[in-house]
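Structural characterization, general
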Amino acid sequence: ECPADFNPRLRSNLDNIVSNARVTLSAGIGQADVRFVTEGRSNEPYIEDGRYYFTFSARSFGSNLGVASFTPGAFDVRFEGVILFDYGDGELRNDVAADLFHDTASGEWRAFVSNFSTGGDGLTGRAKGGINVAWSHSSPLHGFSVMRAKSLDLEGMNEDPDGYYDTGAGMWRLFVSEFTPGRIRATLLESAEWDGPYHRIAGPVEEDSTGTTLVRCGGRMWALFGSADRAIYVRTYPGLQPAGQLAFDHPPWPAGPSDNWAEGRVWPAFAEMPDGAMLLTMDRDNFPGMPRPNWTYGKLHFYRSV
């Protein structure tokens with residue numbers, strides 16, 4: 001609850017040509033970094049034919065930004081598409097950990113995206129700032145899509161962006177996980193334009209932070225993030241003052257002691273509905289024999305309150 005004061009299917013474009021096909025036996029696709037696709041600038045969930053859409057980092061042979069949908073009553077997850085990014089350098093890049101929204105004011109589909117593709121191993125050598133912006137005039141939700149993109153030119157290194165247009169302030173706000181000495185911590189940035197330049201207005205917070213997410217609950221905005229502490233912290237918006245933690249009957253991390261410090265680093269995709277609220281997240285299960293260090297892409301977890 002909010003604080004008191006507070007049959008898989010890929011639709012292909014008709015002009016796509018299949019040149020090769022093969023059958024493999026694999027563990028399937030691991031999911032991480034789940035975030036609802038939103039409509040407008042207010043972080044309201046995007047709904048199409050009664051289905052809620054979300055993006056996720058999909059790991060099988062490499063990682064790509066996947067799109068999926070579901071109906072809350074059945075949680076009938078359906079794989080909808082894959083998005084790649086064109087930075088004008090002659091390559092299509094598979095960046096992930098994104099915030100995708102339909103900007104009704106401009107008519108564009110827009111996204112804030114973590115630029116993992118620019119590093120040699122996805123963690124080192126990444127381009128300055130760590131986050132890019134992307135845009136498309138057509139919907140990237142179904143089939144194979146490519147969005148134009150460019151660097152946001154942020155200072156330092158950042159991940160897990162979630163953007164929101166604050167109508168009261170008349171400013172764009174961007175909630176990110178900022179690299180600081182020893183850990184990644186939540187920070188709130190601000191800009192007059194969606195594609196920058198941005199500057200810090202709050203944070204970084206004290207806790208290890210991942211999946212930085214801005215949500216609407218009870219008529220106001222809140223800032224949520226997962227943590228290596230095995231917690232989803234709730235902070236006020238825009239000041240990022242402590243407001244508690246989310247409570248779970250069955251949390252998305254295992255009970256008892258563990259040596260996998262990354263298990264709590266989940267993403268809290270939260271949305272209000274007419275008959276309650278829901279939270280979509282994932283776990284980071286570690287399986288026997290998996291090499292260390294790793295970030296593990298696991299199962300989806302769905303919670304609903306009424």
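Just above sits the structure.
Since this is a predicted model, take the numbers as computed values, not measurements.

Structural notes on the packing of aromatic side chains
- Inspection of the entire model under this criterion finds 19 aromatic pairs.
- An angle of 75° between the planes, with centres 5.2 Å apart, marks the rings of Phe70 and Phe75 as edge-to-face.
- Phe75 gets classed as partly exposed once you look at its relative accessible area, which sits at 23%.
- Aromatic ring contacts, followed pair by pair, group Phe36, Tyr52, Phe54, Phe56, Phe70, Phe75, Phe79 and Phe302 into a single cluster.
- In this structure, Arg41 packs its charged tip against the face of Tyr165, placed 5.1 Å from the ring centre.
- If you follow Arg126 out to its NZ or CZ, it ends over the ring of Phe116, 4.3 Å from the centre.

Looking at the sheet that holds strand S20 (residues 242-245)
- With antiparallel pairing, the four strands of this open sheet are ordered in space as S17-S18-S19-S20. Two strands lie at the open edges of the sheet, namely strand S17 (210-217) and S20, each paired on one side alone. In this sheet, adjacent strand axes meet at a mean angle of 25° when their direction is disregarded.
- In this sheet, strand S19 (residues 231-236) lies alongside strand S18 (residues 220-227) in antiparallel orientation, the contact comprising six bridges. The residue of S19 that forms the bridge with Ala223 is Arg235.

Observations regarding the nonpolar core
- Counting residues in each nonpolar core, the largest one holds 33 residues, and the members touching the most others are Phe36, Phe54 and Ile232.
- Non-local contacts of Ile232, meaning those with residues more than four positions away in its chain, are made with Leu224, Phe225, Gly226, Gly244, Gln245, Leu246, Phe248, Trp253, Val266, Pro268 and Leu279.

Quick look at the sheet that holds strand S22 (residues 276-282)
- Spatially, the three strands line up as an open sheet ordered S21-S22-S23, and their pairing is antiparallel. This sheet does not close on itself; its edge strands, each paired only once, are strand S21 (269-273) and strand S23 (300-305). Taken pair by pair, the neighbouring strands of this sheet meet at an average axis angle of 15°, ignoring direction.
- Bridge count between S21 and S22: five bridges; the pairing is antiparallel. The partner of Glu272 across the bridge, within S22, is Ala277.

With respect to the pairing of strand S7 (residues 78-86)
- Burial analysis of S7 places seven of its nine residues in the buried class, the great majority of the element.
- Bridge analysis of S7 against strand S12 (residues 143-151) gives six bridges, and the strand direction is parallel. Paired with Asp86 across the two strands is Arg148, which belongs to S12.

Structural notes on the side chain of Asp160
- Relative to the elements of secondary structure, Asp160 occurs in strand S13 (residues 158-166).
- No salt bridge is formed by the buried Asp160, whose closest oppositely charged neighbour, Arg35, lies at an N-O distance of 6.1 Å.
- Those residues in contact with Asp160 that sit more than four places away from it in its chain are Arg35, Ala97, Ser114, Phe175, Val176, Ser177, Thr210, Gly211, Thr212 and Trp267.

Looking at the pattern of salt bridges
- According to the stated counting rule, one finds 22 salt bridges in the structure shown.
- Residue Asp76 pairs with Arg51 through a salt bridge whose shortest N-O separation is 3.1 Å. Here Arg51 lies in strand S5 (residues 51-60) and Asp76 lies in the loop between strand S6 (62-70) and S7, a separation of 25 residues in the sequence.
- Looking at Arg51, the relative accessible area reads 8%, which means it is buried.
- Of the charged contacts in the structure, one is a salt bridge between Arg173 and Glu190, with a shortest N-O distance of 2.7 Å. Of this pair, Arg173 sits in strand S14 (residues 171-180) while Glu190 sits in strand S15 (residues 183-191), and the two are 17 residues apart along the sequence.
- A residue is classified by how much of its surface remains accessible, and Arg173, at 7% relative accessible area, is buried.

Some remarks on the pairing of strand S9 (residues 96-103)
- Taking burial as the measure, the eight residues of S9 include eight buried ones, the bulk of the element.
- Relative to S9, strand S2 (residues 38-39) runs parallel, the two being bridged by two bridges. Paired with Glu39 across the bridge in S9 is His102.
- The pairing of S9 with strand S10 (residues 108-114) spans seven bridges and is classified as antiparallel. When the bridges of S10 are listed, Ala98 appears paired with Val113.
- The turn joining S9 and S10, which pair antiparallel and follow one another in sequence, is formed by four residues; a positive phi near 85° is taken by Gly107.

The rules behind these values
- Residues numbered from 1 in each chain as written.
- Predicted model: local features only at pLDDT ≥ 70, side-chain atom pairs only at ≥ 80, totals over all residues.
- Heavy atoms only, no water.
- Phe/Tyr/Trp six-rings, centres within 6.5 Å; stacked < 30°, edge-to-face > 60°.
- Buried < 20%, exposed > 50% of the residue type's maximum accessible area, 1.4 Å probe, protein only.
- Lys NZ or Arg CZ within 6 Å of the ring centre and 35° of its normal.
- Pairing = 2+ DSSP bridges.
- Helix = DSSP H or I, 4+ residues; strand = E, 2+ residues; numbered from the N terminus.
- Axes fitted to C-alpha atoms, helices over the stretch in contact; angles between N-to-C directions.
- Core = buried A, V, L, I, M, F, W, Y, C linked by side-chain atoms within 4.5 Å.
- Contact = heavy atoms within 4.5 Å.
- Lys, Arg positive; Asp, Glu negative; His and termini not counted.
- Salt bridge = Lys/Arg side-chain N within 4 Å of Asp/Glu carboxyl O.

Don't take any of this as a statement about function, it's just geometry.
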